[in-house]
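Single-letter residue listing:
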Amino acid sequence: MGVSPPPQPFSRQLFYSFFKSLVGKDVVVELKNDLSICGTLHSVDQYLNIKLTDISVTDPEKYPHIGRLSVKNCFIRGSVVRYVQLPADEVDTQLLQDAARKEALQQKQ
């Protein structure tokens, strides 16, 4: 008998579904320690953990030890992510605004 993950807040489910639709797209993930990593979104899970492929550091002068590594894939724990920069042409802002409005209405009830 498998254990199902705990129910997620609506906003996390919204972002999870949204990020799943961006698999295969190039993104920049900024971490809470100010490190920014560019790469192709390979996968995301319900905790918003992110796996990137073909990675590079956006500021190799600031982080030379990472730029010299031959690492091309990485796993990023969702709790250390500050921002995810997305390709502008991939973002349906109307859809996100509608979903945010629905969530706000549900929280008022």
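Residues numbered from 1 in each chain as written. Predicted model: local features only at pLDDT ≥ 70, side-chain atom pairs only at ≥ 80, totals over all residues. Heavy atoms only, no water.

The line we're drawing: UniProt positions are given in the numbering used here, feature names are shortened, and annotations may be inferred rather than shown by experiment.
Where an unreviewed UniProt entry is consulted, the protein chain appears under the name U6 snRNA-associated Sm-like protein LSm2, with the organism given as Gopherus evgoodei. Here the protein chain is described in UniProt, under the heading Subcellular location (unreviewed entry), as follows: "Nucleus". Its UniProt record gives the protein chain a comment under Sequence similarities (unreviewed entry), which states: "Belongs to the snRNP Sm proteins family."

1. A few points about the pattern of salt bridges
Worth spelling out the cut-off: Salt bridges are identified by distance alone: a Lys or Arg side-chain nitrogen within 4 Å of an Asp or Glu carboxyl oxygen. A run of H or I in DSSP counts as a helix once it spans at least four residues, and a run of E counts as a strand once it spans at least two, with each numbered from the N terminus. Under the scheme applied here, a residue whose accessible area is under 20% of the maximum for its type counts as buried, over 50% as exposed, and between as partly exposed, the area being computed with a 1.4 Å probe on protein chains only.
Throughout the structure, instances matching the rule amount to three salt bridges. Across the salt bridge formed by R82 and E30, the nearest N and O atoms sit 2.8 Å from each other. Here E30 lies in strand β1 (residues 26-31) and R82 lies in strand β5 (residues 81-85), a separation of 52 residues in the sequence. Here D34 ties to R82 by a salt bridge, and the two come within 2.7 Å at their closest N and O atoms. Of the two residues, D34 is situated in the loop between β1 and β2 (36-44) and R82 in strand β5; the sequence distance between them amounts to 48 residues. Given a relative accessible area of 41%, D34 falls into the partly exposed group. We classify R82 as partly exposed; its relative accessible area is 33%. Through salt bridges that share partners, E30, D34 and R82 make up one connected network.

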